[in-house]
Amino acid sequence: AQSVAQPEDQVNVAEGNPLTVKCTYSVSGNPYLFWYVQYPNRGLQFLLKYITGDNLVKGSYGFEAEFNKSQTSFHLKKPSALVSDSALYFCAVRDGDRGSTLGRLYFGRGTQLTVWP
Amino acid sequence: NAGVMQNPRHLVRRRGQEARLRCSPMKGHSHVYWYRQLPEEGLKFMVYLQKENIIDESGMPKERFSAEFPKEGPSILRIQQVVRGDSAAYFCASSSRGRDVSGELFFGEGSRLTVL
C-alpha cells in the first residue's frame, strides 16, 4: 500500500537558519514525490516534485528536496528560512506503477513550520 | 488564467440538510479529484473523475456522498443528510492528464463545510 509519513507535527526554526521538514514514503512501485504548502484558509500550492533523474530537486521560493531511495525519504530543505515560510507543508506520493490508482496522490498529515523572527 | 475555482468557500448546514460543493477545473483540465481535510489531519482522497466518468471512488463514504463531473459545467460533490462529522474542508484539484503520473495536481482554495 502507498503511504507517506511526516514524523514531525511541528518544526520551529529561527529566521536565517536552515530548515528541514522530514518525509518518508512507502510504495510498491516507482515513487513519484511531491511537496505542497498550505497557508491558512487557502488551498495547497505546489512546491516541487521528484519524478526521475537528479536526486536533489529545486523548487519554488528557494526550497529543495533530496530523494533518498535507500532510506525511502524525501526531506524538504531550505538553506535560510524566512518568517514568510511559516505554513503547513505536505508531502505526497504517487505510485507510478499501479494502474488502478494512477493520478491519485497520497498525502502525509502535514508539518506545521514556524519561523521565528 | 483562472485556477481551480471552488464555491462556495464557506457553507453552513444544519444536520440532515444537503450540501453541494462545486468545482471548476483549470482551463484545459479534464481530470478532477476531491479531497477532504479534517481538523488536525492531512488530506484524504475521496474520488477521481473525468468528464462523465467516475474513475476511482474508493475514498468516498458508501452512503450519503456522491460526485459527478458532467460534460458541461462544474464537478459537484454532494453530501446528503449531513452530520457533524462531515464538517471539514473539501478541496478540489485538477490536472490535464490524470494518467500522467509525473503531473502535479492544481488545487482550489477549498470549501469549508460547517454542520451545526
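Here, every reference points to the structure presented above.
Reference entry: report on the structure contained in this document. All figures in this text were calculated on a predicted structure; none of them were measured in a lab.

### With respect to the overall build of chain A
Link 1 in the chain: When helices and strands are counted, chain A shows 0 helices and 12 strands.
Link 2 in the chain: Listed N to C, the secondary structure of chain A is β-β-β-β-β-β-β-β-β-β-β-β in terms of helices and strands.
Link 3 in the chain: The C-alpha radius of gyration computed for chain A amounts to 14 Å, which stays within 12% of the reference 13 Å derived for 117 residues, consistent with globular compactness.
Link 4 in the chain: Taking the principal axes of its C-alpha atoms as reference, chain A extends roughly 45 × 30 × 20 Å.
Link 5 in the chain: Taking all 117 residues of chain A together, 50% fall into the buried category.
Link 6 in the chain: Within chain A, contacts between residues at least 6 apart in sequence are counted, and of these 58% link residues at least 24 apart.
Link 7 in the chain: Looking at chain A as shown, the accessible area adds up to about 5400 Å², and 48% of this sits on carbon and sulfur atoms.
Link 8 in the chain: Charge-centre separation for chain A: the mean point of 11 positive side chains lies 6 Å from the mean point of 9 negative side chains.

### Describing the environment of A65 of chain A
All names here are of chain A.
Link 1 in the chain: Relative to the helices and strands, A65 is located in strand β8 (residues 64-68).
Link 2 in the chain: Separated by 10 residues in sequence, A65 and H75 have C-alpha atoms that sit 5.4 Å apart.
Link 3 in the chain: When near neighbours in sequence (up to four residues on either side) are disregarded, A65 contacts W35, L48, N55, L56, V57, F74, H75 and L76.

### Points about the pairing of strand β7 (residues 65-68) of chain B
All names here are of chain B.
Link 1 in the chain: What you see with β7 is a clean split: F65 and A67 sit on the buried side and S66 and E68 on the side with no burial.
Link 2 in the chain: Pairing of β7 with strand β8 (residues 75-79) involves 4 bridges; the strand directions are antiparallel. Each residue of the ladder has a partner; that of S66, found in β8, is R78.
Link 3 in the chain: Hairpin connection between β7 and β8: a loop of 6 residues separates the two successive antiparallel strands, and G73 in this loop has a positive phi of roughly 100°.

### Some details on the layout of surface pockets
Gaps between atoms show up when a probe of the same size as a water molecule is rolled over them.
Link 1 in the chain: What the largest pocket holds in volume is close to 510 Å³.
Link 2 in the chain: Put simply, the parts of the chain that give the lining of the largest pocket at least two residues each are β10 (87-95) of chain A together with β9 (88-95) of chain B.
Link 3 in the chain: The volume enclosed by the second largest pocket comes to roughly 250 Å³.
Link 4 in the chain: Lining of the second largest pocket is provided by R42, G43, L44, Q45 and F46 of chain A together with G3, V4, L105, F106, F107, G108 and E109 of chain B.
Link 5 in the chain: Every element with two or more residues in the lining of the second largest pocket is listed here: β6 (44-50) of chain A together with β10 (106-107) of chain B.

### Considerations on the side chain of R112 of chain B
Link 1 in the chain: You can see R112 of chain B is positioned in strand β11 (residues 111-115).
Link 2 in the chain: Of the side chains with opposite charge, E109 of chain B lies nearest to the buried R112 of chain B, which makes no salt bridge, at 6.8 Å.
Link 3 in the chain: Leaving out residues up to four positions away in the same chain, R112 of chain B has contacts with Q38, N41 and R42 of chain A together with R9, H10, L11, A88, A89 and F91 of chain B.

### Some points on the packing of aromatic side chains
Link 1 in the chain: In this structure the tally under the stated criterion is 13 aromatic pairs over all chains.
Link 2 in the chain: Judged by centre distance (6.3 Å) and plane angle (85°), the ring pair of F90 of chain A and F107 of chain A falls under edge-to-face. Within this pair, whereas F90 of chain A is found in strand β10, its partner F107 of chain A is found in strand β11 (residues 106-107), the two being separated by 17 residues in sequence.
Link 3 in the chain: Three or more aromatic residues joined by ring pairs form one cluster here, namely Y36, F46, F90 and F107 of chain A together with Y35, F45 and F107 of chain B.

### Re the pattern of salt bridges
Residues and elements named next belong to chain A.
Link 1 in the chain: Tallying each qualifying case throughout the model produces 8 salt bridges over all chains.
Link 2 in the chain: K77 is the partner of E66 in a salt bridge, and the nearest nitrogen-oxygen pair spans 3.7 Å. One end of the pair, E66, is in strand β8; the other, K77, is in strand β9 (residues 73-78), and 11 residues separate them in sequence.
Link 3 in the chain: Accessibility expressed as a relative area gives 30% for K77, which makes it partly exposed.

### Examining the pairing of strand β12 (residues 111-116) of chain A
Residues and elements named next belong to chain A.
Link 1 in the chain: Residues T111, L113 and V115 line the buried face of β12, whereas the alternating positions Q112, T114 and W116 sit on a face that is not buried.
Link 2 in the chain: Strand direction decides the pairing type here: strand β2 (residues 10-14) and β12, joined by 5 bridges, are parallel. Across the sheet, V13 pairs through a bridge with V115, a residue of β12.
Link 3 in the chain: Examined bridge by bridge, β10 and β12 share 3 bridges and lie antiparallel to one another. Residue pairing for β12: Y89 is matched across the bridge by T111.

Criteria and cut-off values
Residues numbered from 1 in each chain as written. Chains lettered and ligands numbered in written order. Predicted model: local features only at pLDDT ≥ 70, side-chain atom pairs only at ≥ 80, totals over all residues. Heavy atoms only, no water. Helix = DSSP H or I, 4+ residues; strand = E, 2+ residues; numbered from the N terminus. Rg over C-alpha atoms; globule rule 2.2 N^0.38 Å. Buried < 20%, exposed > 50% of the residue type's maximum accessible area, 1.4 Å probe, protein only. Contact = heavy atoms within 4.5 Å. Areas by Shrake-Rupley, 256 points an atom, 1.4 Å probe, with all protein chains shown as cover. Lys, Arg positive; Asp, Glu negative; His and termini not counted. Charge placed at Lys NZ, Arg CZ, Asp CG, Glu CD. Pairing = 2+ DSSP bridges. 1 Å grid on protein atoms, 1.4 Å probe; cavity = no way out; pocket = protein on both sides within 12 Å on 5 of 7 lines; lining within 4 Å. Points joined across faces, edges and corners; volume = space filled by probe spheres on them. Salt bridge = Lys/Arg side-chain N within 4 Å of Asp/Glu carboxyl O. Phe/Tyr/Trp six-rings, centres within 6.5 Å; stacked < 30°, edge-to-face > 60°.

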